[in-house]
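Below are the chains, spelled out letter by letter.
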Amino acid sequence: MKKVLLFTALAAALSAGIAQAAEKLVVAATPVPHAEILELIKPTLAKEGVDLEIKVFTDYVQPNVQVDQKRLDANYFQTLPYLKNFNEGKGTHLETVIGVHVEPFGGYSKKVKSLAELKDGATIAIPNEGSNSGRALILLQKAGLIELKDPKNAVSTPKDIAKNPHNFKFKELESAMLPRVLDQVDLDMINTNYALEAGLNPAKDALVIEGADSPYVNYLVARPDNKDSAAIQKLAKALTSPEVKAFIEKKYNGAVLPAF
């Protein structure tokens, strides 16, 4: 009986030790597809001793601010051009860990069925954040609607438009707000994560969309002091696993593409 009790106590102690050994990792993400992908890998990380907590944000600023302030460990929502622009503007030094997926950026409309139907003076809504603004304008240039002073400038704004033959008017809004004005503008340039949240199907609904060769990969991002930690590296490995690749391909039907 004493041996049984001793064994039970030892098992309990070992179990408690394992529980205590689990390292908590708090990661910021936008709802779709980032948080959904992180939810998928929570069980995998738990088996590896990482307790993943997902903090969902609907903006692109606080996830970086809070990682920089060490209130969060990492985030997963942004492209490299956006991160570079943020670091330069805010004086932060966040770094990419690994690229996970691409969300082809697109333009949507409830007023016209093709870009050719856009009338002179039409209103086009675009993101007002650095690289997202440039991304929208570069796509519009590729579609032949405008010409930029520098087509390679990833942070172009409407002020950088060299030719606007159709006198399009540009409405600049925070990315999260763009789906809400879809009924109010002629063309709405929306980040795919917000398009998906709004029930849009980029592969079917977008009048113009980036190709699979888009350089705007979404990265896992952390700080210089923790990016190489064991927990972050386990997260990076899980995010680029065959399981995640299969999940992305099946769930998003081309609206999100694996980048690994």
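Residues numbered from 1 in each chain as written. Predicted model: local features only at pLDDT ≥ 70, side-chain atom pairs only at ≥ 80, totals over all residues. Heavy atoms only, no water.

## Considerations on unusual backbone geometry
So, point 1. Between V32 and P33 the backbone carries a cis peptide bond, its omega angle lying at 0°.
So, point 2. On the secondary structure map, P33 appears in helix α2 (residues 31-47).
So, point 3. Phi at N167 is positive, roughly 50°, even though this residue is not glycine.
So, point 4. Unlike most non-glycine residues, N253 shows phi in positive territory, near 45°.
So, point 5. Turning to its location among the elements, N253 is positioned in the loop between α9 (242-252) and β13 (257-258).
So, point 6. Its relative accessible area of 57% is what places N253 among the exposed residues. (Helix = DSSP H or I, 4+ residues; strand = E, 2+ residues; numbered from the N terminus. Buried < 20%, exposed > 50% of the residue type's maximum accessible area, 1.4 Å probe, protein only.)

## A closer look at the nonpolar core
So, point 1. L38, I41, L235 and L239 are the most contacted members of the largest nonpolar core, which has 29 residues in total.
So, point 2. Elements that contribute at least two residues to this core include exactly β1 (23-29), α2, β2 (50-56), β3 (74-79), β12 (217-222), α8 (230-239) and α9.
So, point 3. Excluding residues that lie within four positions of it along the chain, L235 makes contacts with L25, V27, L38, I41, L45 and L220.
So, point 4. Of all hydrophobic cores here, the second largest spans 22 residues; its members include L115, I124, I146 and F170. (Core = buried A, V, L, I, M, F, W, Y, C linked by side-chain atoms within 4.5 Å. Contact = heavy atoms within 4.5 Å.)

## With respect to the domain arrangement of the protein chain
So, point 1. One can read the domain layout of the protein chain as domain 1 (22-102 + 215-256) and domain 2 (104-207).
So, point 2. Here domain 1 and domain 2 have C-alpha centroids that lie 26 Å from each other.
So, point 3. Facing 19 residues of domain 1, the contacting portion of domain 2 comprises 19 residues.
So, point 4. Approximately 1,400 Å² of surface area, both sides summed, lies buried where domain 1 meets domain 2, with 61% of it carried by carbon and sulfur atoms.
So, point 5. By the criterion of area lost to domain 2, the three top residues of domain 1 are Y60, Y216 and A255, representing 40% of everything that side buries.
So, point 6. Inspection of the domain 1/domain 2 interface yields zero salt bridges.
So, point 7. Our count for the domain 1 to domain 2 interface comes out at three residue pairs in polar contact (both at pLDDT 80 or more).
So, point 8. The element contributing the most residues to the side of domain 1 that touches domain 2 is α2, with four residues. (Domains from an automatic or database assignment. Buried area = accessible area lost by both parts, 1.4 Å probe. Salt bridge = Lys/Arg side-chain N within 4 Å of Asp/Glu carboxyl O. Polar contact = N/O pair within 3.5 Å; in protein donor to acceptor, adjacent residues only side chain to side chain.)

## Focus: the environment of F77
So, point 1. Relative to the helices and strands, F77 is located in strand β3.
So, point 2. Counting along the chain gives 71 residues from F77 to L148, while the straight-line C-alpha distance between them is 27 Å.
So, point 3. In this view, F77 contacts T30, H34, Y60, P63, N64, Y82, N218 and Y219; residues no more than four positions away in its chain are not counted.

## Describing the pairing of β3
So, point 1. Counted residue by residue, β3 has six buried out of six residues, so it is predominantly covered.
So, point 2. In the sheet, β1 pairs with β3 via three bridges, with the strands oriented parallel. Looking at the pairing, A29 lines up with Y76 of β3. (Pairing = 2+ DSSP bridges.)

## Topic: helix α5 (residues 130-142)
So, point 1. Here α5 spans 19 Å end to end across 13 residues, near enough to the 18 Å set by a 1.5 Å rise per residue.
So, point 2. Where α5 is concerned, the buried positions are G130, S131, N132, S133, G134, R135, A136, L137, I138, L139 and L140.
So, point 3. Immediately downstream of α5, the backbone of G144 shows phi near 85°, a positive value. (Expected span 1.5 Å × (residues − 1).)

## Digging into the packing of aromatic side chains
The relation between two aromatic rings is expressed through the spacing of the ring centres and the mutual angle of the planes.
So, point 1. One pass over the structure, following the stated rule, counts six aromatic pairs.
So, point 2. Summarising the aromatic geometry, the rings of Y60 and Y82 are spaced 5.8 Å apart at their centres and angled 70° between planes, so their arrangement reads as edge-to-face. Within this pair, whereas Y60 is found in the loop between β2 and α3 (62-68), its partner Y82 is found in helix α4 (residues 80-90), the two being separated by 22 residues in sequence. The burial state of Y60 is the same as that of Y82; both residues are buried.
So, point 3. Among the aromatic residues, those joined into a ring-pair cluster are Y60, F77, Y82, F86 and Y194. (Phe/Tyr/Trp six-rings, centres within 6.5 Å; stacked < 30°, edge-to-face > 60°.)

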